[in-house]
Amino acid sequence: MYLYPFTYCAPTTVDEALALLQAHPDGKILAGGQSLIPLMGLGLARPSALIDVNNLPGLEGVVEDGGSLRIGALVRHRTLETDPAVRRRCPILAEAASVIGNIRVRHRGTIGGSLAHADPAAELPLVATAMGATLEIRGPRVSREIGAEKFFLGYLQTDLAPVEMVTGIRVPVVNAGTGCGLAQLVRRAGDFAIVSACALVSLDDAGRCTHAALALGGVGSHPVRIHGAEALLVGRALTDRCIEDAARVVSGELDPESDVHASAAYRRAMARVMARRALAAAAARAAASTAHEEERG
Ligand SMILES: Cc1cc2nc3c(=O)[nH]c(=O)nc-3n(C[C@H](O)[C@H](O)[C@H](O)COP(=O)(O)OP(=O)(O)OC[C@H]3O[C@@H](n4cnc5c(N)ncnc54)[C@H](O)[C@@H]3O)c2cc1C
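Residues numbered from 1 in each chain as written. Predicted model: local features only at pLDDT ≥ 70, side-chain atom pairs only at ≥ 80, totals over all residues. Heavy atoms only, no water.

**Student:** Please explain the overall build of the protein as it appears in this structure.
**Tutor:** The helix and strand tally for the protein stands at twelve helices and 14 strands. What you see for the protein is a C-alpha radius of gyration of 19 Å, in line with the 19 Å of a compact globule of 297 residues. Along the first, second and third principal axes, the C-alpha atoms of the protein reach 60 × 45 × 35 Å. For the protein, with 297 residues in total, the buried portion stands at 50%. Pairs at least 24 residues apart make up 62% of the contacts formed inside the protein by residues separated by at least 6 positions. Placing the 30 positive and 31 negative side-chain charges of the protein at their respective mean positions leaves the two points 4 Å apart. (Helix = DSSP H or I, 4+ residues; strand = E, 2+ residues; numbered from the N terminus. Rg over C-alpha atoms; globule rule 2.2 N^0.38 Å. Buried < 20%, exposed > 50% of the residue type's maximum accessible area, 1.4 Å probe, protein only. Contact = heavy atoms within 4.5 Å. Lys, Arg positive; Asp, Glu negative; His and termini not counted. Charge placed at Lys NZ, Arg CZ, Asp CG, Glu CD.)

Set out below in C-alpha cells:
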C-alpha cells in the first residue's frame with residue numbers, strides 16, 4: 001500500500017486538535033483508521049495532515065446519565081459489544097457492534113469514526129438513527145448537539161464542518177416495555193449489509209404500541225427513518241398482520257439504486273422483509289420485557 005505524504009499530528013487536548021483542524025483545512029482526524037487508511041491506500045483520500053485523536057481526554061468511556069448512555073467518540077466497537085452497561089441498557093448497540101467486520105476491525109474501529117465516516121450500509125449510523133441518538137460536536141468556537149437523523153446527509157457526507165469533530169454520542173436507554181430489533185441481508189457474516197433495518201417499539205400494559213421507530217440502511221445514500229410505517233404502528237397491537245402492513249409501507253417510501261450487489265427492485269423487496277423481521281424482533285423483546293417486569297413486580 002502506497003500512502004501519499006502527510007504530516008502526522010498527535011494533539012493531547014480537544015482544543016489542540018481543533019486548532020490543528022483549522023491549520024490544516026484538508027487534514028483528517030485519525031481515530032481507528034479502519035476506513036480512512038484503506039481510503040488513503042487506494043488514493044481516494046489524500047489528507048495533508050492526520051490528526052490522531054487517540055490520546056485526547058474526554059473521548060473515552062460509557063456513562064449512564066439520566067435516561068441515556070453517553071458514549072465517548074473513541075469507544076471501540078469491541079467495547080460496545082462487551083460493555084455491561086451497553087449490553088444491559090442499550091443491547092441493540094452491542095448486537096450491531098458484534099456484527100461489524102471482524103474482531104481486528106472491532107478492536108480498532110470507533111463509534112465516532114463510524115458515524116463521521118457515514119457509510120450508508122454501516123451498522124452504527126443505522127442504529128443511531130433508529131434510536132434517536134444525539135451527537136455531541138465540538139468546533140473552534142461552539143459546541144453543539146444534533147440528532148442522528150439530521151446528521152447524515154448523503155453518501156459519506158454528514159453535517160460536520162471540516163473544522164469540527166464528534167466528541168461523543170448520547171443514546172436513550174431501553175426501559176421495560178421497549179424492545180429493539182436488527183435485521184440484515186448479508187452475503188457473508190461480518191460483511192457490510194446489502195439491506196438492513198433497525199426497529200424500536202414501546203408497548204403499554206395492554207400491549208398496544210405507544211412509540212415506534214424504524215430505520216433502513218443500504219437503500220439510499222444514508223440511513224432513513226420510515227415515518228409512514230411508524231405512524232401505522234402507534235396505537236395498535238403489534239400482531240403479525242399489523243407488522244406486515246407497516247413493512248409494506250417501507251417499499252413504497254424507498255427509491256434505492258442498483259449496483260453490483262443488488263438491483264433496485266431486489267433491494268426494495270428485501271427492505272420490506274428486513275423491516276418486518278426487525279419489527280417482529282423488537283415487538284417480541286418489548287413484550288418479553290413487559291412480562292419480565294410483571295413477574296418481578
Ligand atoms: C475489513 C473491514 C471490514 C469492515 N466491515 C464493516 C462492517 O461490516 N460494518 C461497518 O459498519 N463498518 C465496517 N468497517 C468499517 C469500521 O466500522 C470502521 O471502524 C469505521 O467505519 C470507521 O471508524 P474508525 O474509528 O476506524 O475511523 P477512521 O477510519 O479513523 O476515520 C473514518 C473517517 O471519520 C473521520 N473521523 C473519525 N473520528 C472522528 C471524530 N471523532 N470526529 C470527526 N471525524 C472523525 C475521519 O477523519 C475519517 O474521515 C470495516 C472496516 C474494515 C477495514
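**Student:** Would you explain the pattern of salt bridges in this entry?
**Tutor:** It is possible for side chains of opposite charge to pair when their charged atoms get near one another. The full count for this structure, using the stated rule, is 18 salt bridges. Put simply, Arg144 and Glu164 hold a salt bridge, and the shortest N to O gap is 2.8 Å. A residue pair is termed long-range when its members are at least 10 positions apart, and Arg144 in strand β7 (residues 143-147) and Glu164 in the loop between β9 (157-158) and β10 (165-172) qualify at 20 residues. A relative accessible area of 25% places Arg144 in the partly exposed class. (Salt bridge = Lys/Arg side-chain N within 4 Å of Asp/Glu carboxyl O.)

**Student:** Mind showing me how you'd approach the environment of Pro11 here?
**Tutor:** Counting through the fold element by element, Pro11 comes out in the loop between β1 (7-9) and α1 (14-23). Residue classification places Pro11 among the buried residues on the basis of a relative accessible area of 0%. Between the alpha carbons of Pro11 and Gly101 there is a distance of 29 Å; along the sequence they are 90 residues apart. Excluding residues that lie within four positions of it along the chain, Pro11 makes contacts with Glu16, Ala17, Leu20, Ile51, Asp52, Asn55 and Leu56.

**Student:** Explain the site of the ligand to me, please; I cannot follow it from the model alone.
**Tutor:** Neighbouring the ligand are 29 residues; Ile29, Gly33, Ser35, Thr110 and Glu123 lie closest to it. Backbone polar atom of Gln34 to an oxygen atom of the ligand: 2.8 Å apart, as the coordinates give it. At a separation of 3.2 Å, an oxygen atom of the ligand approaches a polar backbone atom of Gly101. If the ligand stood free it would expose 970 Å²; the protein chains cover 88% of that surface. (Near = heavy atom within 4 Å. Polar contact = N/O pair within 3.5 Å; in protein donor to acceptor, adjacent residues only side chain to side chain. Areas by Shrake-Rupley, 256 points an atom, 1.4 Å probe, with all protein chains shown as cover.)

**Student:** Before we go on, may I ask you to explain the pairing of strand β5 (residues 68-72) in this structure?
**Tutor:** Residues in a regular strand point their side chains to alternate faces of the sheet. β5 sits mainly inside the fold: five of its five residues count as buried. Counting the residues that bridge the hairpin from strand β4 (residues 62-65) to β5 gives two residues, and of these Gly66 lies at a positive phi of roughly 65°. Judged from the five bridges that link them, β5 and β10 form a sheet pairing that is antiparallel. Bridged to Ser68 within β10 is Pro172. (Pairing = 2+ DSSP bridges.)

**Student:** How should I be thinking about the side chain of Ser202 in this particular structure?
**Tutor:** Looking at where Ser202 falls in the secondary structure, it is placed in strand β12 (residues 195-203). Not counting the four nearest positions on each side in its chain, Ser202 is found in contact with Gly177, Thr178, Arg208, Cys209, Thr210 and His211.

**Student:** Explain the state of the cysteines here, please?
**Tutor:** Simply put, disulfide is the name for a covalent bond between the sulfur atoms of two cysteines. Applying the stated criterion across every chain yields a total of zero disulfides. There is no disulfide at Cys90, and the cysteine sulfur nearest it, in Cys180, is 6.4 Å away. (Disulfide = S-S within 2.5 Å.)

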